[in-house]
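Structural overview for review
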Amino acid sequence: MPTTACQFFYECENCKTVLKPKEGDCCVFCSYGTVACPPIQENKNCC
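This structure is a prediction, so every number in the text was calculated from the model and none was measured.

On to the overall build of the protein chain. The number of helices and strands found in the protein chain is two helices and two strands. Put simply, the protein chain runs from its N terminus to its C terminus through helices and strands in the order β-β-α-α. Each of the 47 residues in the protein chain was classed as buried or not, and the buried ones make up 23%. Put simply, of all contacts in the protein chain between residues at least 6 apart along the chain, 21% involve residues at least 24 apart.

Below you can see the structure in the form of structure tokens.
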């Protein structure tokens, strides 16, 4: 996970499915990760 920015799209290495954030989330880490992305954890704007 990048520590200074969000990642809007992520392509699965196995199945090649492209993930994008769910409505209301700023990035794929906030939608599918176990913790929010670093900018959100630091109470900063994401993306």
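Continuing now.
Enumeration according to the criterion identifies one aromatic pair in this entry. Between Phe8 and Phe9, the ring centres sit 4.7 Å apart and the planes meet at 90°, which makes this aromatic pair edge-to-face. With relative accessibility at 42%, the residue Phe8 sits in the partly exposed group. On the basis of relative accessible area, Phe9 is assigned to the partly exposed category, the value being 47%.

On to the environment of Gln41, then. In this fold, Gln41 is placed in helix α2 (residues 38-41). Under the relative-accessibility criterion, Gln41 is labelled partly exposed at 49%. If sequence neighbours within four positions are ignored, Gln41 has contacts with Val35 and Ala36.

Okay, the nonpolar core next. Ranked by size, the top nonpolar core spans seven residues in total: Cys6, Cys26, Cys27, Val28, Phe29, Cys37 and Cys46. Sequence-distant contacts of Val28, defined by excluding residues within four places in its chain, comprise Gln7, Phe8, Phe9, Tyr10, Leu19, Lys20, Pro21 and Gly33.

Mean pLDDT for the protein chain: 85, with 89% of residues reaching 70 or above. Highest mean pLDDT in the protein chain belongs to strand β2 (residues 18-19) (94); lowest belongs to α2 (83).

Criteria and cut-off values
- Residues numbered from 1 in each chain as written.
- Predicted model: local features only at pLDDT ≥ 70, side-chain atom pairs only at ≥ 80, totals over all residues.
- Heavy atoms only, no water.
- Helix = DSSP H or I, 4+ residues; strand = E, 2+ residues; numbered from the N terminus.
- Buried < 20%, exposed > 50% of the residue type's maximum accessible area, 1.4 Å probe, protein only.
- Contact = heavy atoms within 4.5 Å.
- Phe/Tyr/Trp six-rings, centres within 6.5 Å; stacked < 30°, edge-to-face > 60°.
- Core = buried A, V, L, I, M, F, W, Y, C linked by side-chain atoms within 4.5 Å.
- pLDDT = per-residue confidence, 0-100.

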